[in-house]
Amino acid sequence: MDKDYTASIDSATIDLIEKAKKEEIETIFSRAEEIKPCPIGVEESCCKICAMGPCRLPRSKRESRKERTGVCGATIDTIVARNFARKVAAGVAAHSDHAREVAETFLKTARGETQGFSIKDELKLIAVALDFGINVDGKDTKEIAIELGERVLEEFGKQKGELTYIKKAPVSRQEIWKRLGVIPRGIDREVVEIMHRTHMGVDQDYKHILLQTTRCALADGWGGSMISTELQDIMFNTPVPVMGSINLGVLKEDEVNIVVHGHEPLLPELLVLATKDPELKSLAEKVGAKGINLAGMCCSANEVLMRHGIPCAGNFLQQELAIITGAVELMTVDIQCEMQGLKNVAECFHTKLITTSDRAKIEGAIHIEFHPDKGLDTAKKILRLAIENYPNRRHNVYIPSQIQETVVGFSHETINYLLGGLFRASYRPLNDNIINGRIRGIAGVVGCNNVRTTHDLGHITLTKELIKHDVLVLTTGCAAMACGKAGLLVPEAAKKYAGPGLSEVCEAVGIPPVLHMGACVDNSRILIAATAMVKEGGLGNDISDLPAAGAAPEWMSEKALAIGHYFVTSGIFTVFGTTWPTLGSDKVTEHLFHEFEEMYKGMWAYEPDPIKAAHRMIAHIDKKRKALGIDKTKERVLFDMDMRRSLG
Amino acid sequence: MEKDEKKEVFDVKTKDDEPYKRYDWREKLKTRDEKIKYLKSALRYWYSNECYGSEKSN
């Protein structure tokens with residue numbers, strides 16, 4: 001029988017949805033059929049920030065009224081802007097609290113107070129120390145790391161001044177932010193201020209609310225997320241190209257399967273280390289397994305895939321399905337994007353669901369809290385639990401055969417190196433190939449999965465359309481995993497899917513047409529790559545001058561909105577698919593979609609059709625090419641002596 | 001991807017204890033001086049004292 005690809009374009013996913021149906025196991029896919037999105041909430045036309053409401057102000061029922069307001073008189077514009085601001089603040093808080101955990105672990109590691117961690121990347125340590133104005137002369141690694149750890153932690157609670165990483169942005173971008181008064185002071189302060197301003201009866205001017213939303217989002221992109229990325233690189237190594245594999249087929253029938261799911265790479269790094277423990281390997285043999293197979297899920301997967309080549313079982317919508325294979329002995333979850341539904345699915349099998357963060361428990365799951373001072377012991381304890389659970393498999397195991405090779409680990413440093421080698425590392429060749437038109441432009445395709453749209457369809461349709469039109473794609477998060485499963489993260493994909501210009505460049509450099517840059521916190525790598533392109537010269541003076549655009553075709557989380565907002569206000573035209581959370585207010589939507597271009601030279605757009613979204617991005621790229629004067633192929637003219645003399 | 005389409009692009013190597021292919025170009029930089037020199041040239045956009053490229057006139 002032909003498969004029904006309505007739920008997903010990935011046949012492994014389809015197979016396991018069918019298995020779940022047959023075995024009457026509830027998943028996100030079955031729940032989505034029963035629960036439809038609230039029509040008022042979907043356009044954010046509802047205010048529930050005080051106990052006089054909730055005030056529901058749907059467009060359809062209130063058209064006859066002059067103005068839709070809550071009982072307090074708050075306009076629909078204020079209400080929608082407040083809801084948007086709170087979502088962005090939650091996204092910023094998520095990335096930044098992740099950063100805080102990493103920074104605290106980093107400082108403890110520098111002081112020798114952790115187990116299993118070390119400072120692995122001295123090059124990155126020096127670079128980040130210099131970013132923070134730390135003099136590295138004559139200091140050993142430990143001294144620099146302690147000083148850096150202390151300085152970085154100050155970024156969260158700063159009350160005045162500017163976040164340190166702001167000065168990494170192009171000078172002209174900093175001037176725009178300064179003029180608009182949106183440079184973040186301290187990460188926590190900007191989140192708190194959003195929560196205050198959106199409390200009942202405080203900030204009631206939608207444009208003013210959205211200014212603070214910008215300041216808060218920038219505290220993520222050029223603050224929390226960037227700190228996470230940089231410190232993780234120092235502790236676990238800056239990503240370099242590595243071969244890996246992806247999709248549910250990475251699970252192994254005759255091995256102990258452990259899936260690491262979530263976002264912080266701290267425990268996953270130690271689990272990687274612990275799998276090499278001879279005692280645990282021998283225990284696995286004793287229980288009849290051929291080995292220990294660690295696999296990733298969601299952004300934890302991206303982290304260990306790009307640093308260790310640990311196979312990736314899948315992205316957000318595949319988390320329950322991994323357990324439904326019947327082959328997963330244990331799944332660890334730390335923070336963000338972990339569905340509570342995992343618990344019910346795990347109960348149908350022998351799988352142990354382990355929560356590991358002090359900030360995130362799931363009712364009914366086993367809680368083994370991770371603390372860096374005894375991190376390796378905890379990792380070994382978890383592995384032992386998984387191994388001992390191997391003989392308890394009680395269902396028929398079904399592991400789909402789908403598995404795809406990938407090349408991942410394109411940090412901005414690695415892209416820089418690949419373009420010029422050790423002695424001439426530079427973004428010059430990339431800029432030159434954009435100027436000469438072989439590469440039309442650059443696109444960031446990032447973000448989540450969303451069960452309200454076909455799994456992976458938006459990512460893959462959009463990305464293929466972009467590379468077909470010679471747009472080089474940089475990808476992170478669940479979008480990156482979708483691209484991996486579709487075979488777009490291998491150099492051979494250039495010949496198969498990319499336009500002639502992009503294909504030629506990819507073949508010359510030896511890179512895929514879609515570059516995997518990491519997890520969702522690693523969108524900061526895209527900001528830095530864009531900044532390097534600007535600073536290299538020839539493509540304008542600001543990120544907004546670049547022939548570049550961004551997209552999150554299957555977004556669902558508040559973090560995605562935070563990312564989108566810092567992309568837009570860093571000067572990047574950004575298109576979101578699936579749904580858009582300000583449709584309840586024409587003024588707020590107009591402000592974000594059009595007036596923002598005047599203010600930030602970057603703006604939001606909403607387009608659920610991925611082909612149309614791709615062409616809006618390409619049109620924007622072409623507009624920027626025209627503004628730079630690189631929209632027409634120039635004839636190469638061989639100058640004779642008279643022509644040379646005429647140049648003066 | 002078809003098998004016959006495969007080609008080795010990177011100078012990949014397999015470490016004995018790690019069952020994957022990884023190309024760590026950063027291992028070529030050994031000393032602190034080499035690393036600082038690399039930052040000042042390769043990542044001159046931020047670590048060189050001279051203004052560069054689009055910000056030359058600033």
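Bear in mind that the values here come from a model prediction, so they are computed numbers and not experimental data.

## Observations concerning the overall build of chain A
Helix and strand content of chain A: 25 helices and 16 strands. In terms of overall dimensions, chain A has C-alpha extents of about 85 × 70 × 60 Å along its principal axes. Burial analysis of chain A (648 residues in total) assigns 60% to the buried set. Sequence separation of at least 24 residues holds for 74% of the intrachain contacts in chain A that already meet a minimum separation of 6.

## Observations concerning unusual backbone geometry
Residue and element names in this part refer to chain A. In this structure, Pro54 follows Gly53 across a cis peptide bond, with omega equal to 0 degrees. With respect to the secondary-structure elements, Pro54 resides in the loop between strand E1 (46-47) and strand E2 (55-56). The phi torsion at Cys298 lies on the positive side, around 60 degrees, for a residue other than glycine. You can see Cys298 is positioned in helix H11 (residues 298-308). Residue classification places Cys298 among the buried positions, given that 31 C-beta atoms sit within 10 Å. The phi dihedral of Asp456 is positive, around 75 degrees, even though this residue is not glycine. Following the sequence through the fold, Asp456 ends up in the loop between strand E11 (441-445) and helix H17 (457-468).

## Some words on the interface of chain B and chain A
The interface of chain B with chain A comprises 30 residues on the first partner and 33 residues on the second. Within the residue set of the side of chain B that touches chain A, elements represented by two or more residues are strand E2 (21-22), helix H1 (32-42) and helix H2 (44-47) of chain B. Considering every element that reaches the side of chain B that touches chain A, the biggest residue donor is H1 of chain B, with four residues. Looking at the side of chain B that touches chain A residue by residue, the classes come out as 16 nonpolar, three polar and 11 charged.

## Looking at the nonpolar core
Residues and elements named next belong to chain A. If you look at the biggest cluster of nonpolar residues, it comprises 221 residues, and the most contacted ones within it are Leu271, Ala313, Ala443 and Met617. It is helix H3 (residues 76-110) that contributes the most residues to this core, 17 residues altogether. Ala443 has contacts with Leu466, Val471, Val473, Ala548, Ala549, Gly550, Ala551 and Met617, leaving out every residue within four places of it along the chain.

## Observations regarding the domain arrangement of chain A
Residues and elements named next belong to chain A. Here the domain parsing of chain A yields domain 1 (37-68), domain 2 (76-236), domain 3 (242-392) and domain 4 (409-628). For domain 2 and domain 3, the distance between their C-alpha centroids amounts to 29 Å. Between domain 2 and domain 3, the residue contacts involve 13 residues of the former and 16 residues of the latter. Secondary-structure elements contributing two or more residues to the side of domain 2 that touches domain 3 are H3 and helix H8 (206-236). Here the side of domain 2 that touches domain 3 takes six residues from H3, the largest share from any one element. When the residues that make up the side of domain 2 that touches domain 3 are grouped by side-chain class, the tally is four nonpolar, six polar and three charged.

## Section: helix H21 (residues 523-536) of chain A
Helix length check: H21 of chain A, at 14 residues, gives a terminal C-alpha distance of 20 Å against a target of 20 Å (1.5 Å per residue), a fit within 8%. Taken across its 14 residues, H21 of chain A has 14 buried, putting it largely inside the fold.

## Concerning the environment of Ala169 of chain A
Residue and element names in this part refer to chain A. Within the secondary structure layout, Ala169 lies in the loop between helix H5 (141-157) and helix H6 (171-180). Residue class for Ala169 comes out buried when judged on the 26 C-beta atoms lying within 10 Å of it. Once residues within four sequence positions are removed from consideration, Ala169 is found in contact with Gln174, Trp222 and Thr531.

## As for the pairing of strand E15 (residues 573-576) of chain A
Residue and element names in this part refer to chain A. Across the two faces of E15 the burial is the same, with Phe573 and Val575 and Thr574 and Phe576 all buried. Of the pairings in the sheet, the one linking strand E14 (residues 548-552) to E15 comprises four bridges and is parallel in character. Along E15, the bridge assignment pairs Ala551 with Val575. In this fold, E14 hands off to helix H22 (residues 558-568), which returns the chain to E15; that crossover is right-handed. Where E15 lies against strand E16 (residues 604-606), three bridges are found, and the strand directions are parallel. Bridge pairing links Phe576 to Tyr606 in E16.

## Quick look at the pairing of strand E4 (residues 256-261) of chain A
Residues and elements named next belong to chain A. Across the six residues of E4, six count as buried, placing the element largely inside the fold. Bridge count between E4 and strand E7 (residues 328-333): five bridges; the pairing is parallel. From the neighbouring strand, Asn257 faces E7, where its bridge partner is Val328.

Calculation rules
- Residues numbered from 1 in each chain as written.
- Chains lettered and ligands numbered in written order.
- Predicted model: local features only at pLDDT ≥ 70, side-chain atom pairs only at ≥ 80, totals over all residues.
- Helix = DSSP H or I, 4+ residues; strand = E, 2+ residues; numbered from the N terminus.
- Buried ≥ 20, exposed ≤ 12 C-beta atoms within 10 Å, placed from the backbone.
- Contact = placed C-beta atoms within 7 Å.
- Nonpolar A, V, L, I, M, F, W, Y, C, P; charged D, E, K, R; others polar.
- Core = buried A, V, L, I, M, F, W, Y, C linked by C-beta atoms within 7 Å.
- Domains from an automatic or database assignment.
- Expected span 1.5 Å × (residues − 1).
- Pairing = 2+ DSSP bridges.
- Right-handed = clockwise from strand over helix to strand, strands pointing away.

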